[in-house]
Amino acid sequence: MDSATLKLLTDSIKSIEDYPKAGITFRDITSLIENAAAFAKTVELLAEHYKGKGIDKVVGTEARGFIFGAPVAAAIGAGFVPARKPGKLPRATVVQVYDLEYGTDMLQIHKDSILPGEKVVVIDDLLATGGTLEATIKLIHELKGDVVGAGVVIELPELNGKAKLDAQNVELFSLIQFEGE
Ligand SMILES: O=P(O)(O)OC[C@H]1O[C@H](OP(=O)(O)OP(=O)(O)O)[C@H](O)[C@@H]1O
Ligand SMILES: Nc1ncnc2[nH]cnc12
């Protein structure tokens, strides 16, 4: 990405100290998506990376993964599969419990949302410890999907979430890296 685009995206993300608890610097993408140029460019860059690679499904994690995952899916001609927090999906699901930078949570996807052998990309706003993406990848693997990549707007390299993706042989694509937790 050129330096003007990097500046557009980086400057549009607000950083809030000690949210949601002491010691965490919260990287807030709501200010990025409020900015029409920054939002469009973010979706375009993620889509560009995965276009033409025969991706069948994009999985986005609730809630912020929906914001980027759905438009990327439409842009690359893939279906969109929501990975949801517990109790939100009406049909049979597969389930994973995982740890977060600031707590624990659970994700589910519909059992029939991914067919064996389908090529799948996971999209989220941010990679911190990697717990969310790891749990999402495990859900897709349970359904015998082929996870070919994980794309995020923001990576926090100090938390080493990439190691969890490496362990699953999933390539990480991140647009912005912020130092510090
Ligand atoms: O790499 P990790 O340590 O797993 O952290 C990253 C995850 O944390 C945030 O979601 P959160 O669970 O706060 O939910 P939200 O999208 O509903 O705000 C963020 O949107 C990522 O999904
Ligand atoms: N530091 C952070 N900022 C925003 N979202 C997050 N999810 C996990 N860690 C986060």
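Residues numbered from 1 in each chain as written. Chains lettered and ligands numbered in written order. Predicted model: local features only at pLDDT ≥ 70, side-chain atom pairs only at ≥ 80, totals over all residues. Heavy atoms only, no water.

Taking an unreviewed UniProt entry as the reference, the protein is identified by name as Adenine phosphoribosyltransferase belonging to Motilimonas cestriensis. Listed in UniProt under the heading Pathway (unreviewed entry), the comment for the protein reads: "Purine metabolism; AMP biosynthesis via salvage pathway; AMP from adenine: step 1/1." UniProt, in its Sequence similarities (unreviewed entry) section for the protein, records the words "Belongs to the purine/pyrimidine phosphoribosyltransferase family." (UniProt positions renumbered as here; feature names shortened; annotations may be inferred.)

Looking at the sheet that holds strand β8 (residues 146-155)
What the 5 strands build is an open sheet, ordered β4-β3-β7-β8-β9; its pairing is parallel. Every other strand in the sheet has two partners, leaving β4 (79-83) and β9 (172-177) as the edge strands with one partner each. Pairs of neighbouring strands in the sheet enclose a mean axial angle of 20°, with direction left out of account. Pairing analysis gives 5 bridges linking β8 to β9, with the strands arranged parallel. Residue pairing for β9: valine 152 is matched across the bridge by serine 174. (Pairing = 2+ DSSP bridges. Helix = DSSP H or I, 4+ residues; strand = E, 2+ residues; numbered from the N terminus. Axes fitted to C-alpha atoms, helices over the stretch in contact; angles between N-to-C directions.)

What to know about unusual backbone geometry
The omega torsion of the bond from tyrosine 19 to proline 20 falls at 0°, within 30 degrees of zero and hence cis. Looking at the element boundaries, proline 20 is found in the loop between β1 (14-17) and β2 (25-28). A cis amide bond links glutamate 62 with the next residue in sequence, alanine 63, at an omega value of -5°. Mapping alanine 63 onto the fold places it in the loop between β3 (57-61) and α4 (64-76). Within the chain, aspartate 18 stands out as a residue other than glycine whose phi angle is a positive 60°. Structurally, aspartate 18 is set in the loop between β1 and β2.

What about α4?
A rise of 1.5 Å per residue sets the reference length of α4, with its 13 residues, at 18 Å; its end C-alpha atoms lie 19 Å apart and thus fit the reference within 8%. Three or more residues of α4 are buried, namely Gly65, Phe68, Gly69, Val72, Ala73 and Ile76. Buried residues of α4, viewed axially, fall in a sector of 130°; they line one side. Where α4 is buried, its residues contact α2 (30-33), α3 (36-50), β3, β4, β7 (119-127) and β8. (Expected span 1.5 Å × (residues − 1). Buried < 20%, exposed > 50% of the residue type's maximum accessible area, 1.4 Å probe, protein only. Arc of directions from axis to C-beta. Contact = heavy atoms within 4.5 Å.)

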